[in-house]
Amino acid sequence: MNTVFNSSGLALDGADFPALSIAAGETAGWRADTHEDCHRLLDLATGLADARAGGIVWFDQDVAALREKEVLRLLGRVMPMTPDGGLVSNVNTGENILLPFLWRNPERLEEAAARLQHLLESEPWREWFPVKKLCELPHQLSPLARALAAVLRAWVAQPEAIIACDMRHALEARASSHVSRALVWLREALPDAAWLVLQTESALPAGIRGNILPPQS
C-alpha cells in the first residue's frame, strides 16, 4: 500500500504524540486531551502552524521543507473535516459544500452539484440532510447539520486523504450517534482514502477500523 501520511512525532505543551504512519485506505490518529488541542494538531497537519522536520509528511513530502504555495498544492489532495463544517458564513450551505470541489475541479462543478442533489434525494441522506438545507446559511443550521455538511464536503471532493478533527465534539448523544453513522458511511464511500483522526475520544466509531494513539507525557 502507498503511504499517505507519516509523522516522526509531534510535541504539544509537554505532551509527545508518537510516530504515526497511515497508508491509503487506512485509518489512524491521535487522541488529544482537549478540543482546542485537536485543532492545534489540525493546524500542524495542514501547515498552518510550523512542525519540526519530519513531524508532518504528506505523500512523501515534508511540510516543514515546503514553501507556502507548495503546501497549498499538496493540501489540494487532503480534506479537513471539523464539527462546525468549516463553512463560510455568508455563503449558502449548498455552495459551501461545493467550494472545495470548485477549487480543485472548477470545470466539473455542474456534475458535482448534480451528484450532491441525487445523494440527498436518496437514503440515508434524504432523512439525514434534507435538500432544502442547501439553501440555508450556516447560522441557520443545527450543530448536527453543520457536522453533516463537513461529511458531504468530503464526499463531493473525493480527496486522497481526510483529516477528521474531533467531529463529535459538543454534540448531544443522539446527534453524536448520527455523526458516527455518517462517518462510517463516508469511510465506506471512500475506501481508498487515508484518514488521519484527531479527537478527544479513545475509540473510533463502531464500524471504522484503526488505532487512536494517546499522547505520552
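To keep things clear, this report deals only with the structure shown in the data block. Because the structure is predicted, anything quoted here is derived from the model rather than measured.

## Some words on the sheet that holds strand β1 (residues 3-7)
Reading across the sheet, the four strands line up as β4-β1-β6-β7 and stay open at both edges, with antiparallel pairing between neighbours. The sheet terminates laterally at β4 (20-23) and β7 (61-62), the two strands that pair on one side only. Alignment of β1 against strand β6 (residues 57-58), held across two bridges, turns out to be antiparallel. Counted as the bridge partner of Phe 5 is Trp 58 from β6.

## Details of the pairing of β1
Bridge analysis of β1 against β4 gives four bridges, and the strand direction is antiparallel. The residue bridging Phe 5 from the neighbouring strand is Ile 22, located in β4.

## Quick word on unusual backbone geometry
With an omega of 5 degrees, the peptide bond between Glu 123 and Pro 124 qualifies as cis. Mapped onto the elements of the fold, Pro 124 is located in the loop between α4 (109-120) and α5 (125-128). In this structure, Asp 13 takes a positive phi of about 50 degrees despite not being glycine.

## Overview of the packing of aromatic side chains
Across all of its chains, the model carries seven aromatic pairs by this definition. On the basis of an interplanar angle of 80 degrees and a centroid distance of 6.1 Å, the ring pair of Phe 5 and Trp 30 is categorised as edge-to-face. Within this pair, whereas Phe 5 is found in strand β1, its partner Trp 30 is found in strand β5 (residues 27-31), the two being separated by 25 residues in sequence. A relative accessible area of 1% means that Phe 5 is categorised as buried. For Trp 30, a relative accessible area of 1% puts it in the buried group. An angle of 45 degrees between the planes, with centres 6.1 Å apart, marks the rings of Trp 155 and Trp 185 as tilted. Residue Trp 155 is found in helix α6 (residues 143-157), and its partner Trp 185 is found in helix α7 (residues 173-189); the two are separated by 30 residues along the sequence. Here Trp 155 falls in the buried class, since its relative accessible area comes to 12%. Given the relative accessible area of 17%, Trp 185 is considered buried.

## Examining the environment of Leu 198
Position of Leu 198 among the secondary structure elements: in strand β10 (residues 194-199). On a C-alpha basis, the gap between Leu 198 and Cys 38 in space is 5.6 Å, while along the polypeptide they are 160 residues apart. With sequence-adjacent residues up to four places away left out, Leu 198 is seen in contact with Trp 30, Cys 38, Leu 41, Leu 42, Ile 163, Ala 164, Cys 165 and Asp 166.

## Examining the pairing of β10
Across the six residues that make up β10, a large majority, six, are buried. Residues Ala 194, Leu 196 and Leu 198 point to one face of β10 and Trp 195, Val 197 and Gln 199 to the other, with burial holding for every one of them. With five bridges connecting them, β5 and β10 associate as parallel partners. The residue of β10 that forms the bridge with Trp 30 is Leu 198. Here strand β9 (residues 161-165) pairs with β10 via five bridges, running parallel. Considered in β10, the bridge of Ile 163 is made with Leu 196. Handedness of the crossover is the feature at issue here: the chain leaves β9, passes through α7, returns alongside β10, and the resulting connection is right-handed.

## Points about the side chain of Arg 153
Structurally, Arg 153 is set in helix α6. One buried charged residue, Arg 153, remains without a salt bridge, the closest side chain of opposite sign being Asp 84 at 7.6 Å.

## Focus on the nonpolar core
Core analysis: the biggest nonpolar cluster contains 45 residues, and Met 81, Trp 125, Phe 129, Val 151, Met 167, Leu 186 and Trp 195 have the highest contact counts within it. Listing elements by their share of this core, those giving two or more residues are β8 (78-81), α3 (93-104), α4, α5, α6, β9, α7 and β10. Sorting elements by how many residues they give to this core places α6 first, with 12 residues. When neighbours within four sequence positions are excluded, Trp 195 is seen to be in contact with Ile 22, Glu 26, Thr 27, Ala 28, Met 81, Ile 162, Leu 183, Leu 186, Arg 187 and Ile 208.

## Overview of the packing of α3 against α6
Axis separation between α3 and α6 bottoms out at 8 Å; the angle between their running directions is 40 degrees. For the element pair α3 / α6, the angle class is oblique. Two packed elements cross with a definite hand, and for α3 against α6 that hand is right-handed. Facing Thr 93, Asn 96, Ile 97, Leu 98, Leu 99, Pro 100 and Phe 101 of α3, the residues of α6 in contact are Ala 149, Leu 152, Arg 153, Val 156 and Ala 157.

Cut-offs applied
Residues numbered from 1 in each chain as written. Predicted model: local features only at pLDDT ≥ 70, side-chain atom pairs only at ≥ 80, totals over all residues. Heavy atoms only, no water. Pairing = 2+ DSSP bridges. Helix = DSSP H or I, 4+ residues; strand = E, 2+ residues; numbered from the N terminus. Phe/Tyr/Trp six-rings, centres within 6.5 Å; stacked < 30°, edge-to-face > 60°. Buried < 20%, exposed > 50% of the residue type's maximum accessible area, 1.4 Å probe, protein only. Contact = heavy atoms within 4.5 Å. Right-handed = clockwise from strand over helix to strand, strands pointing away. Lys, Arg positive; Asp, Glu negative; His and termini not counted. Salt bridge = Lys/Arg side-chain N within 4 Å of Asp/Glu carboxyl O. Core = buried A, V, L, I, M, F, W, Y, C linked by side-chain atoms within 4.5 Å. Axes fitted to C-alpha atoms, helices over the stretch in contact; angles between N-to-C directions. Parallel < 35°, antiparallel > 145°, perpendicular 65-115°, else oblique. Left-handed = near helix turned anticlockwise from the far one by under 90°.

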